[in-house]
2 protein chains.
Amino acid sequence: MTRVTAQMSVSLDGFYAGPQHTGDGDWMESAESAKFFRITRWVTEGMAWRERQGFTGGERDTNSDVIAETFEAAGAYVMGRRMADGGEVPWGEEPPFRAPVFVVTHRPRQRVERRGGTSFTYVTDGVASAVEQARAAAGGKDVAVAGGGNLVRQVLRAGLLDELELHVVPVVLGTGLRLLDADLDLGEKEAIELDPIRVIPTPEVTHIRYAVRGRAPLVLDDRGSGGGPTRVGG
Amino acid sequence: MTRVTAQMSVSLDGFYAGPQHTGDGDWMESAESAKFFRITRWVTEGMAWRERQGFTGGERDTNSDVIAETFEAAGAYVMGRRMADGGEVPWGEEPPFRAPVFVVTHRPRQRVERRGGTSFTYVTDGVASAVEQARAAAGGKDVAVAGGGNLVRQVLRAGLLDELELHVVPVVLGTGLRLLDADLDLGEKEAIELDPIRVIPTPEVTHIRYAVRGRAPLVLDDRGSGGGPTRVGG
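Per an unreviewed UniProt entry, chain A goes by Dihydrofolate reductase and derives from Micromonospora costi.

Here it is as structure tokens:
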């Protein structure tokens, strides 16, 4: 059955890139890219990613297997416009997706066909529509929300996400683009509950996959009568 | 050898409590407490915590073992003033620490002795001094930075922390007090690097212990020549 999944590499403090680069300077020299490169280093060092990208080398290890599995599971992708535009040059004529990609955007653009099975369809009627179109195109495989963070949040907020896998990189970045930020639109006594369904530890990154249960109210537990709050070990 | 350790329960989005309660209303009814209770639920359900707190019941399980180990490893504690004051009533005459606690504060207060080996010494000359006093009192065991988040950040920022254990609770809170926030004072191309040295997955919480390597510059990897950035799987 098709699941809607998302996976993002994030720092220990929840960032997937540095502060958004907006000036005229070179993105490659920006704080956004410096932090983005640190967070995705484990991906670019993985053989499975390098093969899809047309690069040689890389490690055939647990991290590479996680990348390969992620590519393999996806029958279609949903992607934000900024990511799609940013990837257009580096991904080249044969992008690594090898599946239909549905780009959520406000600016219409003609569908683009690339070699190797990748296409980009620009969807202007919202994220739910893009997810539905991807579901129809996924051939029973998963719909992978490829990013960026803003789109992952939109899908999560809309209750459309079945699974979220975080690749937690052991680094603290301090500032930047945060995957899970305040625009999730949660009430002050409301949360999104998840279940961790798989944890794969490696020295470079901790892979944690969650099933999304959904929104739930926060309720007081027995500390209301049996005692008071303590932060010991907490 | 004495290590300086910290452990905090955090949500998937890095919060350890809701937005700080500042009004005149009941803290127990606040958004701060509602989110704090959700994050620390796994602790209060653990038999090892309940025993120390004088409560009956609880689960004797992996999570309880992690709590027991955390208590056992600590020869002395360092704590922020807000946490110490907030805990004074609920911890009562026999607090769960059973070790000297050094409270970092700007407001002097006489040392307090409690039953069971717990004492509170109020340190007004800074966090480094509190850590040193705790180290001298720890008898070769670890110095545990018990919280709150502000104090953990101060110790991390000052380069005094050897190990950080995050108990990652599978819930997204959206807003609140964030453990790792912008006041870590990192440069825009600088990071704090860590090594994950132990991961214990349970359904309720993922325990990840990191050794802190320290500050390091962020450098461009081979994507500068071999290709461009991609966010695939990243």
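More follows now that the structure is in view.
Peer 1: Help me get a handle on the interface of chain A and chain B, residues and values and all.
Peer 2: The interface of chain A with chain B comprises 80 residues on the first partner and 80 residues on the second. For the pair chain A and chain B, the interface holds 2 salt bridges. The residue Glu 193 of chain B makes a salt bridge to Arg 38 of chain A at a minimum N-O spacing of 2.8 Å. At the junction of chain A and chain B, the tally comes to 8 residue pairs in polar contact (both at pLDDT 80 or more). When residues in the side of chain A that touches chain B are grouped by element, the largest group, 12 residues, is from helix H1 (residues 31-44) of chain A. Across the side of chain A that touches chain B, the residue classes break down as 43 nonpolar, 19 polar and 18 charged. As defined by bridge partners, strand E9 (residues 171-172) of chain A adjoins strand E11 (residues 190-201) of chain B across 2 bridges and the pair is classed as antiparallel. Pairing of Val 171 of chain A across the sheet is with Glu 193 of chain B, part of E11 of chain B.

Peer 1: Any chance you could break down the pairing of strand E1 (residues 4-11) of chain B for me, citing the residues and the numbers?
Peer 2: Residue and element names in this part refer to chain B. Across the 8 residues that make up E1, a large majority, 8, are buried. Covered by surrounding structure in E1 are Val 4, Ala 6, Met 8 and Val 10 together with Thr 5, Gln 7, Ser 9 and Ser 11, the residues of both alternating faces. As paired elements, E1 and strand E7 (residues 142-147) share 3 bridges and run parallel to each other. Looking at the pairing, Thr 5 lines up with Ala 144 of E7. Direction of pairing for E1 relative to strand E8 (residues 163-169): parallel, over a ladder of 7 bridges. Looking across to E8, one finds that Met 8 is bridged to Leu 166.

Peer 1: Describe the sheet that holds strand E7 (residues 142-147) of chain A, listing the residues and the values that go with them.
Peer 2: If you walk across this open sheet you meet the 10 strands as E5(A)-E6(A)-E4(A)-E3(A)-E7(A)-E1(A)-E8(A)-E12(A)-E11(A)-E9(B), and the pairing is mixed. What marks the edges here is a single partner per strand, and that holds for strand E5 (112-113) of chain A together with strand E9 (171-172) of chain B. Most of the contacts of helix H3 (residues 62-73) of chain A go to strand E3 (residues 74-80) of chain A, to which it runs at about 95°, and overall it touches strand E1 (4-11), E3, E7, strand E8 (163-169), strand E11 (190-201) and strand E12 (206-217) of chain A.

Peer 1: Could you give an account of the relation of the copies chain A and chain B, with specific residues and numbers?
Peer 2: Overlay of chain A on chain B (RMSD 0.0 Å): rotation 180°, translation along the axis 0.0 Å. Considering both components of the superposition, the chain copies are consistent with a two-fold axis. Closest approach to the rotation axis among the C-alpha atoms of chain A is made by Gly 14 of chain A, whose C-alpha sits 3.5 Å away.

Peer 1: Provide a residue-level description of the packing of aromatic side chains, including the pertinent values.
Peer 2: All names here are of chain A. Here the structure, examined in full by the defined rule, presents 16 aromatic pairs over all chains. Considering the side-chain rings of Trp 49 and Phe 55, the 5.6 Å spacing of their centres and the 80° angle between planes classify their relative orientation as edge-to-face. No difference in accessibility class separates Trp 49 from Phe 55, as the two residues are buried. When the ring of Phe 97 is compared with that of Phe 120, the centres are 6.4 Å apart and the planes differ by 90°; the resulting orientation is edge-to-face. Of this pair, Phe 97 sits in the loop between helix H4 (81-91) and strand E4 (100-104) while Phe 120 sits in strand E6 (residues 119-123), and the two are 23 residues apart along the sequence. Take Phe 97: its relative accessible area is 1%, and that puts it in the buried class. Joined through ring pairs, the aromatic side chains of Tyr 77, Trp 91, Phe 97 and Phe 120 make up one cluster. Taking the ring centre of Phe 71 as reference, the NZ or CZ of Arg 52 above it sits at 4.2 Å.

Peer 1: Explain the confidence of the model for chain A residue by residue, including any values.
Peer 2: In the predicted model, chain A carries a mean pLDDT of 91, and the fraction of residues at 70 or more is 94%. Scored below 50 in pLDDT, residues 224-234 of chain A shows 41 contacts in the model against residues more than four places distant or in partner chains.

Peer 1: Break down empty space enclosed by the protein for me, with residues and values.
Peer 2: Within this structure, the stated rule accounts for 3 cavities of 30 Å³ or more. Approximately 320 Å³ is the volume found for the largest cavity. What lines the largest cavity is a set of 24 residues, among which Leu 12 and Gly 14 of chain A together with Ser 11, Leu 12 and Gly 14 of chain B lie closest to the centre. When the residues that make up the lining of the largest cavity are grouped by side-chain class, the tally is 16 nonpolar, 4 polar and 4 charged. By volume, the second largest cavity amounts to about 70 Å³. Looking at the second largest cavity, the residues that line it are Ala 84, Glu 88, Trp 91, Gly 92, Pro 95, Arg 109, Val 112, Arg 114, Phe 120 and Tyr 122 of chain A. At the level of elements, H4 and E6 of chain A are the ones that each hand at least two residues to the lining of the second largest cavity. At 3 residues, the largest contribution of residues to the lining of the second largest cavity is made by H4 of chain A. Taken together, the residues of the lining of the second largest cavity break down into 6 nonpolar, 1 polar and 3 charged.

Peer 1: Any details on the pattern of salt bridges? Residues and values, ideally.
Peer 2: A complete count under the given rule lists 48 salt bridges over all chains for this structure. Glu 165 of chain A is the salt-bridge partner of Arg 198 of chain A, the closest N and O atoms lying 3.2 Å from each other. Of the two residues, Arg 198 of chain A sits in strand E11 while Glu 165 of chain A sits in strand E8, which places them 33 residues apart along the sequence. Judged by its relative accessible area of 3%, Glu 165 of chain A is buried. The salt bridge involving Glu 72 of chain B is made with Lys 141 of chain B; its shortest N-O contact spans 3.2 Å. One end of the pair, Glu 72 of chain B, is in helix H4 (residues 62-73); the other, Lys 141 of chain B, is in the loop between helix H6 (127-137) and E7, with 69 residues separating them in the sequence.

Peer 1: Hey, could you go over helix H5 (residues 81-91) of chain B for me, with residue numbers and the actual values?
Peer 2: Residue and element names in this part refer to chain B. All of the buried residues in H5 are Arg 81, Met 83, Ala 84, Gly 87 and Trp 91. Considered in projection along H5, the buried side chains sweep an arc of 145° and stay on one side of the axis. On its buried side, H5 packs onto helix H3 (47-53), strand E3 (74-80), strand E4 (100-104), strand E6 (119-123) and E7. Directly beyond the C-terminal end of H5, a positive phi value near 70° is found at Gly 92.

Parameters and conventions
Residues numbered from 1 in each chain as written. Chains lettered and ligands numbered in written order. Predicted model: local features only at pLDDT ≥ 70, side-chain atom pairs only at ≥ 80, totals over all residues. Heavy atoms only, no water. Contact = heavy atoms within 4.5 Å. Salt bridge = Lys/Arg side-chain N within 4 Å of Asp/Glu carboxyl O. Polar contact = N/O pair within 3.5 Å; in protein donor to acceptor, adjacent residues only side chain to side chain. Helix = DSSP H or I, 4+ residues; strand = E, 2+ residues; numbered from the N terminus. Nonpolar A, V, L, I, M, F, W, Y, C, P; charged D, E, K, R; others polar. Pairing = 2+ DSSP bridges. Buried < 20%, exposed > 50% of the residue type's maximum accessible area, 1.4 Å probe, protein only. Axes fitted to C-alpha atoms, helices over the stretch in contact; angles between N-to-C directions. Least-squares fit on C-alpha atoms with pLDDT ≥ 70 in both. Phe/Tyr/Trp six-rings, centres within 6.5 Å; stacked < 30°, edge-to-face > 60°. Lys NZ or Arg CZ within 6 Å of the ring centre and 35° of its normal. pLDDT = per-residue confidence, 0-100. 1 Å grid on protein atoms, 1.4 Å probe; cavity = no way out; pocket = protein on both sides within 12 Å on 5 of 7 lines; lining within 4 Å. Points joined across faces, edges and corners; volume = space filled by probe spheres on them. Arc of directions from axis to C-beta.

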